[in-house]
Amino acid sequence: MRIQDQIAEKLNLVEAYTITDASSLEAFRLLFISKKGELSALFDAFKQVPNDQKKEVGQLLNQLKNTAEEKFKIQKEALEAKQQDGEIADFDVFLPPVPHALGSLHPLTTVGQEIIDIFTKMGFTLSDGPEIETDWNNFSALNFAENHPAREMQDTFFVEKNPDILLRTHTSSVQIRTMSTQKPPIRILSVGRVFRNETISARAHCMFHQVEGLYINKKVSFAELKQTLLHFAKELFGHKVQIRMRPSYFPFTEPSAEVDVSCSLCHGKGCNVCKHTGWLEICGAGMVHPNVLKNCGIDPEAYTGFAFGMGIERIVMLKYNIKDLRLYTENDIRFLRQFKI
Ligand code: DAH
């Protein structure tokens, strides 16, 4: 085909090309404007045109080039004007959407809820207390001696240097609030934040979470405490788990115990996590001290009860083999994503 005819054909194509949106405009640009487009082949062929035809062909070529460029310019401006008027979207509505990344619950929330579920099925009801407490509810009524070291500045955050108002150091304060306002039988669980004046490290934090349990009734026995905690441990760690109780001391219980579960990693054989003992401590517990009952207006001759308290951070550490307490509060998305369910 003569070059003149090829040019005429392209001119027809340029004129007939319909541009409706950003992508057809871009396709037009690639075809007719870009250096790699179809017109540049014609410009290359121009070099071969005999001299006597050069003037005519050159004019035709320029006309084609100008028509394409003019059309591109007009269409581009028209499209931009439309976009500004909001007539058309400047994005492709047919593209598949980017999926929304769903968040996940914090492990302290999910395990906390698991613990609550286990105890509420045993008849415990939730009871709440404030994080800012009085010395009476946090210490004195719980039978802490006047000079007990836990009251000292190193352990307790006092509010505005007032030694009577403090950030609760444990959820045991809710025991006092409940026993002072309710009549036995009482069976409550209290979950919440507690605060201690500790330097933050892998093993200690100034803020953490505790679950406190309390059962007061006629003739409540230590055997019931043991059975309750065994059932709890089996529900949380699996039915093969065993518990043991070691004698301990808390001012608000007598007798007092520390409760261990058999290490679920080595099944009692001994490993790094349980420091080769086969056991992991999960909570403190005991029979409510008669002085504590008296302080709340409950007759220790008529009623007995048990109490227990555990740290949720510690339980989550044992369940997921987490080595550093600081991970809970650093908001590192890589840590949190592992708990997606
Ligand atoms: N309040 C104790 C603590 O923070 C934990 C505790 C131990 C709670 C024994 C209890 C208990 O109710 O009986 O270390």
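Predicted, not measured: the structure shown is a model, and the values here were computed from it. (Residues numbered from 1 in each chain as written. Predicted model: local features only at pLDDT ≥ 70, side-chain atom pairs only at ≥ 80, totals over all residues. Heavy atoms only, no water.)

## Side note on the overall build of the chain
Scanning the chain for helices and strands turns up 11 helices and 10 strands. For 341 residues, the compact-globule estimate of 2.2 N^0.38 gives 20 Å, and the C-alpha radius of gyration of the chain, at 39 Å, exceeds that figure by more than 25%. For the chain, the C-alpha atoms occupy an extent of roughly 125 × 50 × 35 Å along the three principal directions. Expressed as a percentage of the 341 residues in the chain, the buried residues total 40%. If you take every contact in the chain between residues at least 6 apart in sequence, the share linking residues at least 24 apart comes to 65%. By element, 53% of the accessible surface of the chain is carried by carbon and sulfur atoms, the whole surface being about 19900 Å². (Helix = DSSP H or I, 4+ residues; strand = E, 2+ residues; numbered from the N terminus. Rg over C-alpha atoms; globule rule 2.2 N^0.38 Å. Buried < 20%, exposed > 50% of the residue type's maximum accessible area, 1.4 Å probe, protein only. Contact = heavy atoms within 4.5 Å. Areas by Shrake-Rupley, 256 points an atom, 1.4 Å probe, with all protein chains shown as cover.)

## Quick look at the pattern of salt bridges
Applying the stated criterion across every chain, the model contains 15 salt bridges. For Arg 151, the salt bridge is made with Asp 135, and the minimal N-O distance between the two is 2.9 Å. Of this pair, Arg 151 sits in the loop between α6 (135-138) and β3 (158-159) while Asp 135 sits in helix α6; the two residues are 16 residues apart in sequence, bridging distant segments of the chain. Of the two residues, Arg 151 and Asp 135, neither departs from the other in class, the shared state being buried. (Salt bridge = Lys/Arg side-chain N within 4 Å of Asp/Glu carboxyl O.)

## A short note on the site of the ligand
For the ligand, the set of nearby residues contains 15 residues, the closest of which are His 170, Ser 172, Arg 196, Gln 210 and Glu 212. Within the side chain of Gln 210, an N or O atom sits 2.9 Å from an oxygen atom of the ligand. Here the ligand has 350 Å² of accessible area as a free molecule, and 88% of this is covered by the chains. Of all elements in the fold, only β6 (207-217), β9 (279-288) and β10 (304-311) reach the threshold of two or more residues within the shell around the ligand. For the shell around the ligand, the residue count by class is 5 nonpolar, 8 polar and 2 charged. (Near = heavy atom within 4 Å. Polar contact = N/O pair within 3.5 Å; in protein donor to acceptor, adjacent residues only side chain to side chain. Nonpolar A, V, L, I, M, F, W, Y, C, P; charged D, E, K, R; others polar.)

## A closer look at the sheet that holds strand β4 (residues 162-167)
Strand order in the open sheet made by the 3 strands is β2-β4-β3, with antiparallel pairing throughout. Taken across any chain shown, the strands that pair with only one partner, and hence form the sheet edges, are β2 (132-134) and β3. (Pairing = 2+ DSSP bridges.)

## Focus: the side chain of Thr 253
Relative to the assigned elements, Thr 253 resides in strand β8 (residues 253-262). Here the side chain of Thr 253 touches Ser 256 through a polar contact of 2.6 Å, side chain to side chain. In this structure Thr 253 touches Ala 285, Gly 286, Met 287, Val 288 and His 289, once residues within four positions along its chain are discounted.

## A word on the pairing of β10
Among the 8 residues that make up β10, 6 are buried, leaving the element largely enclosed by the rest of the structure. As paired elements, β6 and β10 share 8 bridges and run antiparallel to each other. Following the sheet pairing, Ile 216 is matched in β10 by Gly 305. Pairing of β9 with β10 involves 4 bridges; the strand directions are antiparallel. Paired with Gly 284 across the two strands is Gly 309, which belongs to β10.

## So, the domain arrangement of the chain
Each assigned domain of the chain is listed here: domain 1 (3-84) and domain 2 (107-339). Each of domain 1 and domain 2 has a C-alpha centre, and the two are 80 Å apart. (Domains from an automatic or database assignment.)

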